[in-house]
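The chain contents come next:
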Amino acid sequence: MEHSASGSSLGPGGLDLTNAFFKPIHNSDPPLPSNRCTKVSVVGVGNVGMAIAQTILTQDLADELALVDSKPDKLRGEMLDLQHAAAFLPRTKISASVDYSVTAGSDLCIVTAGARQNPGESRLNLLQRNVALFRHIIPPLAKASPDSILIIVSNPVDVLTYVAWKLSGFPVNRVLGSGTNLDSSRFRFLIADHLDVNAQDVQAFIVGEHGDSSVALWSSISVGGIPVLSFLEKNQIAYEKQTLEDIHQSVVGSAYEVIGLKGYTSWAIGYSVANLARSIIRDQRKIHPVTVLARGFYGVDGGDVFLSLPALLGRNGVVAVTNVHMTDEEAEKLQKSAKTILEMQSQLGL
């Protein structure tokens, strides 16, 4: 598939109509140098990739958007569909190609491509197929945009973020995964719903693996600045740990429920990843629970393992890992989650 992009030429011979529509101002100064355009690339134009692309467009986060996929017809169709909405969106150059050269000069590369699990297929076999796929994706991305930041969304996200780090050769601050950013959003929603408050007033994190061994940090939850558990204990308000565990399990099962009902997840992860993109591109210095190199934090050791921790994000990617409070029990669960991921990594041979 040939590289396609919006252009100003129309008609036979590619007639440039710009001069016909606009007259230059005589004796004017040359244009001042402007800030460099922001470019975002999305690899994979499935339901997740397109939800991310659409949200980035509507939130005006990029001057250029490049799409990459192995299916040329699907890719061109998605590009044209977005381009046809130009009158309703902020001005953004949209291009698409099966060739990774279209991503050249990207500030941010978001990878959503991945193999789906076949009936009866083991998780390890699926992982190995995705690693093979990443060997074709990450090196050309890194070559085309050596200064970019990589956000991995493909699952299993923790191990594949490690794989992307290894294959790209990028410093650890410029490789992260979407991790438990969405899990934490679901967590905040469920707590807010339970207390009948706005989810934006709830501060709560899910950390560790984006999966069954994730850890809910109950000890650090606050609502409107009030630490929840210490408030309950101080006021001698009884609560059951099982109630808390049920909420956590609802978070873990949320994606499965959505997939069971509509066949896939898309909108929530689209907003989640666009939220990460905003924090990075706009240098927001916001804290997000995302997949980062966790070795040396909260007692995690044993090797280079990527899992979700509350991290400060800015224009250079991961600025720092937040020193959030954890109980001994929570830290032990996090370390156990890290071992689960390390066991999967050990079978990859990277």
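As the structure is a prediction and not an experimental result, all values here were calculated from the model. (Residues numbered from 1 in each chain as written. Predicted model: local features only at pLDDT ≥ 70, side-chain atom pairs only at ≥ 80, totals over all residues. Heavy atoms only, no water.)

Quick look at the overall build of the protein chain
Applied cut-off: Numbering of helices and strands runs from the N terminus, with a helix taken as a DSSP run of H or I at least four residues long and a strand as a DSSP run of E at least two residues long. The cut-offs for exposure are 20% and 50% of the maximum accessible area for each residue type, with area from a 1.4 Å probe on protein chains only; residues under the lower value are buried, those over the upper are exposed, and the others partly exposed. Note on contacts: a residue pair qualifies if any of its non-hydrogen atoms lie within 4.5 Å across the two residues. Method for areas: the Shrake-Rupley scheme with a 1.4 Å probe, in which residue coverage is limited to the protein chains shown.
Looking only at helices and strands, the protein chain features 10 helices and 17 strands. Out of the 350 residues in the protein chain, the part that is buried amounts to 46%. Pairs at least 24 apart in sequence give 70% of the contacts found in the protein chain among residues at least 6 apart. Summed over all atoms, the accessible surface of the protein chain reaches about 18300 Å², with 52% contributed by carbon and sulfur.

A look at the pairing of strand β6 (residues 93-97)
The test is simple: When DSSP finds two or more bridges between a pair of strands, those strands are recorded as paired. Orient the strands so they point away from the viewer; a crossover is then right-handed if the path from the first strand over the helix to the second runs clockwise.
Burial analysis of β6 places four of its five residues in the buried class, the great majority of the element. Bridge analysis of strand β5 (residues 64-68) against β6 gives five bridges, and the strand direction is parallel. The partner of Leu 67 across the bridge, within β6, is Ala 96. Regarding the hand of the β-α-β motif, the stretch spanning β5, helix α3 (residues 72-83) and β6 is right-handed.

With respect to the sheet that holds strand β13 (residues 222-223)
As summarised here, the arrangement of the three strands in space is β10-β13-β14, forming an open sheet in which the pairing is antiparallel. The open sheet has two free edges, formed respectively by β10 (202-203) and β14 (226-227), since each of these has just one partner strand. Judged from the two bridges that link them, β13 and β14 form a sheet pairing that is antiparallel. In the sheet register, Ser 222 faces β14, and the bridge partner there is Pro 227.

Here we look at the nonpolar core
We apply this condition: Residues enter a nonpolar core if they are buried and are Ala, Val, Leu, Ile, Met, Phe, Trp, Tyr or Cys, with the set joined through side-chain atoms within 4.5 Å. Domain extents, as shown, originate in an automatic or database domain assignment.
Grouped together as the largest cluster of nonpolar side chains are 84 residues, with contacts concentrated most on Leu 67, Leu 108, Ile 110 and Ile 151. When residues of this core are sorted by domain, at least three fall in each of domain 1 (35-177) and domain 2 (180-346). Residues in contact with Leu 108, not counting those within four places in the same chain, are Lys 39, Val 40, Ser 41, Ser 148, Ile 149, Ile 151, Ala 277, Ile 280 and Ile 281. By size, the runner-up hydrophobic cluster in this structure holds 13 residues, among which are Phe 187, Ala 204, Ile 221 and Val 251.

Quick word on unusual backbone geometry
Cis peptide bonds are those with omega within 30 degrees of zero, and the linkage from Asn 155 to Pro 156 qualifies with 0°. Although it is not a glycine, Asp 196 sits at a positive phi angle of roughly 60°. Note on placement: Asp 196 falls in the loop between α6 (181-195) and β10. Owing to a relative accessible area of 71%, Asp 196 belongs among the exposed residues under this scheme. Notably, Arg 285 is not glycine yet its phi reads approximately 55°, a positive angle. Relative to the elements of secondary structure, Arg 285 occurs in the loop between α9 (267-281) and β15 (286-293). Residue classification places Arg 285 among the partly exposed positions, given a relative accessible area of 47%.

Here's the deal with the packing of aromatic side chains
Let me state the cut-off plainly: Each Phe, Tyr or Trp ring, with Trp reduced to its six-membered ring, pairs with another whose centre is within 6.5 Å; inter-plane angles below 30 degrees give stacked pairs, above 60 give edge-to-face pairs, and intermediate values give tilted ones. Only when the NZ of Lys or the CZ of Arg is both within 6 Å of the ring centre and within 35 degrees of the ring normal is a charge said to sit over the ring.
All chains considered together, the criterion is met by four aromatic pairs. Aromatic ring contacts, followed pair by pair, group Tyr 162, Trp 165 and Phe 306 into a single cluster. The residue whose ring lies beneath Arg 174 is Phe 170, and the NZ or CZ to ring-centre distance is 4.4 Å.

Brief notes about the UniProt feature "binding site: NAD(+)" (unreviewed entry) in the protein chain
Here is the rule we go by: UniProt positions are given in the numbering used here, feature names are shortened, and annotations may be inferred rather than shown by experiment.
When the UniProt feature table is mapped onto this chain numbering, "binding site: NAD(+)" (unreviewed entry) sits at Gly 44, Val 45, Gly 46, Asn 47, Val 48, Gly 49, Asp 69, Asn 130, Val 153, Ser 154 and Asn 155. Within the fold, Val 48 resides in helix α2 (residues 47-58). Assessed through its relative accessible area of 22%, Val 48 is described here as partly exposed. Residues in contact with Val 48, not counting those within four places in the same chain, are Thr 112, Val 153, Thr 265 and Ile 269. Mapped onto the elements of the fold, Asp 69 is located in the loop between β5 and α3. Sequence-distant contacts of Asp 69, defined by excluding residues within four places in its chain, comprise Gly 44, Val 45, Leu 75, Ser 97 and Val 98.

Some details on helix α5 (residues 157-168)
We count it as follows: Helix span, expected: 1.5 Å multiplied by one less than the number of residues in the helix.
Relative to the 16 Å expected for 12 residues at 1.5 Å per residue, α5 spans 16 Å between its end C-alpha atoms, a close match to the ideal helical length. The buried fraction of α5 amounts to 10 of the 12 residues, a majority that puts the element mostly inside the structure. Looking only at α5, the buried set comprises Val 157, Asp 158, Val 159, Leu 160, Thr 161, Tyr 162, Val 163, Ala 164, Trp 165 and Ser 168. Phi turns positive one or two residues past the end of α5, at Gly 169, with a value near 75°.

A closer look at the confidence of the model for the protein chain
Note: predicted coordinates in regions of low pLDDT should not be interpreted at a detailed level. Keep this limit in mind: For every residue, the pLDDT score states the predictor's confidence, bounded by 0 at the bottom and 100 at the top.
Looking at the protein chain as a whole, its pLDDT mean stands at 86, while 83% of the residues score no less than 70. Mean pLDDT values over the elements of the protein chain span from 50, in strand β1 (residues 4-5), up to 98, in strand β7 (residues 108-111).

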